Every structure is written in C-alpha cells, then in structure tokens.
Amino acid sequence: MHQVYFVKLISLVVLLIYLETIQSLPLQEKRYLEVYGFASDISDEKQFREAVSNFQSHYHLKVTGKLDDPTTSLFSTPRCGNADKRKPNSRQRKKKYSLDGSKWQKVHLTYRILRYSSKLSRHQVERSFKMAFNQWQSTSILRFKRVTTKADIEIQFRTGDHGDNHPFDDVVLAHSYFPRFGGAVHMNDAKNWVTGRTKGDQVNLYQVALHELGHVMGLEHSDVADAIMQP
Ligand SMILES: [Zn+2]
Ligand SMILES: [Zn+2]
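Residues numbered from 1 in each chain as written. Chains lettered and ligands numbered in written order. Predicted model: local features only at pLDDT ≥ 70, side-chain atom pairs only at ≥ 80, totals over all residues. Heavy atoms only, no water.

Looking up the protein in an unreviewed UniProt entry gives the name Matrix metalloproteinase, with the organism given as Osedax japonicus.

This is the structure in structure tokens:
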C-alpha cells in the first residue's frame, strides 16, 4: 500500500517538473523561433537554446543560446512575416513558409489592390506599388499591369486575424505568398504607413512593398544587411 502511494507521489513530482519545464519557456520567443523557421517544434529548454543559437547565428549576433539584450531587441523589431529559414521538419512542408521560391509560368502578370490602406490615400498606395513593380520590372523579364478585376497578384491591407492562419501581430509589417501559392501580398494596416521619410513608428510603404514583391517573384529572405530581401 505504501509502495503504491510512493510510486504515485514520485510520478506526480515528475509530472510537475515536466510541466514546469514547458511553462518556463518564454512563449512569445518560442512562437517567433517556430514561425520564422529556427526550429520546428520546441518542447524543452535544450531545443529552445538550440533555436536561439540558430537565430543568433543567422543574424550574426554573438551565439550564446540565451535571451540576452541584442537578441530580445531583435525579436521585437518590426519585420516581414515570412520565414527566414526553411523548416527541417517535413511534417510542416505544406506551410508556405517552409517552401523554396517558385517561378511564374508567364511573363505578363496583372496585379490588383483589393483593399486599400486606412492610413494613406488610394493614390499614394497605387503610386508606391507602381514604383515597386517598376523596380522589379527593370531587373527581370516580368511585366506588370494594374487591373481592377481578378488579378495574378492580389494586394490587401488587413489587420490582425485575416483568414489565412497567419494573423498579424505587432512585429509583422506584411507577408506574402510565393508564386506557387498564388502570389498574394498582405500588408498590416495596423502599421503607420507613410510614403516619404519615416520617423518614430512610421513605415515607408515603397520599401516594404519592394521587399514583399521579391517574395512574389519567388525570392526568399537574405541575411545580408541592407539587402532588399533582408526581413
Ligand atoms: Zn520577407
Ligand atoms: Zn495574410
């Protein structure tokens, strides 16, 4: 009788220790590392440290495996919502984030601005995207035309949860889909979009549009500082 009780007690202690380990992982950072491809599924401290190390090495920070100041400050820097690394886990392959860039099967592509920003005029939004498309047009064989009917590339300003399983949070500026996933562009309309110089929390629409259209062309993130495709 006593023995059974003892075994039960030990099991309970082990379970509590296990739960404590899971709960002590910082949730927001855990989610960030999983979403952006630095680990596929973090369940313990060791995996968490490995993922933090991957993140630090990817961003050329000192690799400590710990949430030190430079690391935590990078976690809260506004960025593109697309992943930095392809997830090693094949279970997750279906997600757009884990796939390589793919190519359009045609040269002449249309785009439509389906939902405009609440922060800018229609004209400002159209002009910024036109500039960004022109930039990619000048360095590729692709040709873009804005239409007001269904298009190859559909651009929308949305907020929070917007129906594609990738809700916007405070950090994400925008995300977009590779050609094989339809080439859509979603801009976070909770952000303070501007067309000129930025100050404070303002974000330049053209700069982000240029980056997002890179994904639409099939490009992945680059870890080179100041590159257009840096997240
Ligand atoms: Zn991106
Ligand atoms: Zn979206």
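## Digging into the coordination of the zinc ion (ligand 1)
Heads up, the condition is: Coordinating donors are taken to be N, O and S atoms lying within 2.8 Å of the metal, or within 3.2 Å when the metal is Na, K or Ca; because water is excluded from the atom set, some sites may appear incomplete. Only four donors with every angle between 85 and 135 degrees are called tetrahedral; only four or six donors with opposite donors over 155 degrees apart and all others between 65 and 115 are called square planar or octahedral, in that order; all others are irregular.
Looking at the metal site, the zinc ion (ligand 1) is ligated by Cys80 (SG), His211 (NE2), His215 (NE2) and His221 (NE2), spaced 2.0 to 2.3 Å from it. Coordination at the zinc ion (ligand 1) is tetrahedral, judged from the four donor atoms that bind it and the angles of 102 to 116° they form at the metal.

## Remarks on the sheet that holds strand S5 (residues 172-176)
Under the convention used in this document: Two strands make a pair as long as DSSP finds a minimum of two bridges between them. Counting from the N terminus, the helices are DSSP H or I runs at least four residues long and the strands are E runs at least two residues long.
Pairing is mixed across the open sheet formed by six strands, whose spatial order is S1-S5-S6-S4-S2-S3. The open sheet terminates on both sides in strands that have one partner only, identified here as strand S1 (79-80) and strand S3 (143-146). Alignment of strand S2 (residues 108-115) against S3, held across four bridges, turns out to be parallel. Paired with Leu109 across the strands is Phe144, a residue of S3.

## Here's the deal with the packing of aromatic side chains
The description of an aromatic ring pair rests on the distance of the ring centres and on the angle between the ring planes. Short version of the rule: When the centres of two rings from Phe, Tyr and Trp lie within 6.5 Å, Trp using its six-membered ring, the rings pair. Their planes under 30 degrees apart give stacked, over 60 give edge-to-face, and anything left gives tilted. The buried label goes to any residue with under 20% of its type's maximum accessible area, the exposed label to any with over 50%, and the partly exposed label to all in between, with areas taken from a 1.4 Å probe on protein chains only. Look at NZ for Lys and CZ for Arg. If either is within 6 Å of the ring centre and within 35 degrees of the ring normal, a charge sits over the ring.
Applying the stated rule across the entire model yields 10 aromatic pairs. Ring plane angle 50° and centroid distance 5.0 Å describe the contact between Phe55 and Tyr59, whose orientation is recorded as tilted. By relative accessible area, Phe55 is classed as buried at 0%. Residue Tyr59 is classed as buried on the basis of its relative accessible area, which comes to 16%. Positioned above the aromatic ring of Tyr36, the side-chain terminus of Arg79 is 3.6 Å from the ring centre. Cation over ring: Arg122 sits above Tyr116, and NZ or CZ is 4.1 Å from the ring centre.

## Considering the pattern of salt bridges
Keep this limit in mind: By definition here, a salt bridge exists when the distance from a side-chain nitrogen of Lys or Arg to a carboxyl oxygen of Asp or Glu is within 4 Å.
Per the stated rule, a full pass over the model turns up eight salt bridges. Residue Arg31 pairs with Asp169 through a salt bridge whose shortest N-O separation is 3.5 Å. Of the two residues, Arg31 sits in helix H2 (residues 27-35) while Asp169 sits in the loop between strand S4 (153-158) and S5, which places them 138 residues apart along the sequence. Judged by its relative accessible area of 28%, Asp169 falls in the partly exposed class. A salt bridge links Asp84 to Arg79, with the nearest nitrogen and oxygen atoms 2.9 Å apart. Residue Asp84 is classed as buried on the basis of its relative accessible area, which comes to 9%. Because the salt bridges share partners, they merge into one network encompassing Arg112, Lys150 and Glu154.

## Concerning the coordination of the zinc ion (ligand 2)
Surrounding the zinc ion (ligand 2) are the protein donor atoms His162 (NE2), Asp164 (OD), His175 (NE2) and His186 (ND1), at 1.9 to 2.0 Å. Binding-site remark: the zinc ion (ligand 2) is held by donors from one chain whose sequence spacing is H-x1-D-x10-H-x10-H. Highlighted residues: Asp164 in the loop between S4 and S5 and His175 in strand S5, separated in sequence by 11 residues. Judged by relative accessible area, His175 falls into the buried class, the value being 1%.

## Considerations on the side chain of Asn204
Where we set the bar: Polar contact is defined as a pair of N or O atoms within 3.5 Å, subject to the rule that within protein one atom must be able to donate a hydrogen and the other to accept it, and that residues adjacent in sequence are counted only when both atoms are side-chain atoms. By the convention used here, residues are in contact when the closest approach between their heavy atoms is within 4.5 Å.
Examined against the element boundaries, Asn204 turns out to sit in strand S8 (residues 202-204). In this structure the side chain of Asn204 is engaged in a polar contact, spanning 3.0 Å, whose partner is the backbone nitrogen of Tyr206. If sequence neighbours within four positions are ignored, Asn204 has contacts with Trp193, Val194, Thr195, Gly196 and Thr198.

## Side note on the environment of Asp189
Among the secondary structure elements, Asp189 is positioned in the loop between strand S6 (185-188) and strand S7 (192-194). Each C-alpha atom of the pair Asp189 and Arg115 lies 10.0 Å from the other, and the pair is 74 residues apart in sequence. With sequence-adjacent residues up to four places away left out, Asp189 is seen in contact with Tyr116, Ser117, Ser118, Lys119, Phe157, Arg158 and Thr159. Looking at Asp189, its side chain comes within polar contact range of the side chain of Ser118, at 2.8 Å.

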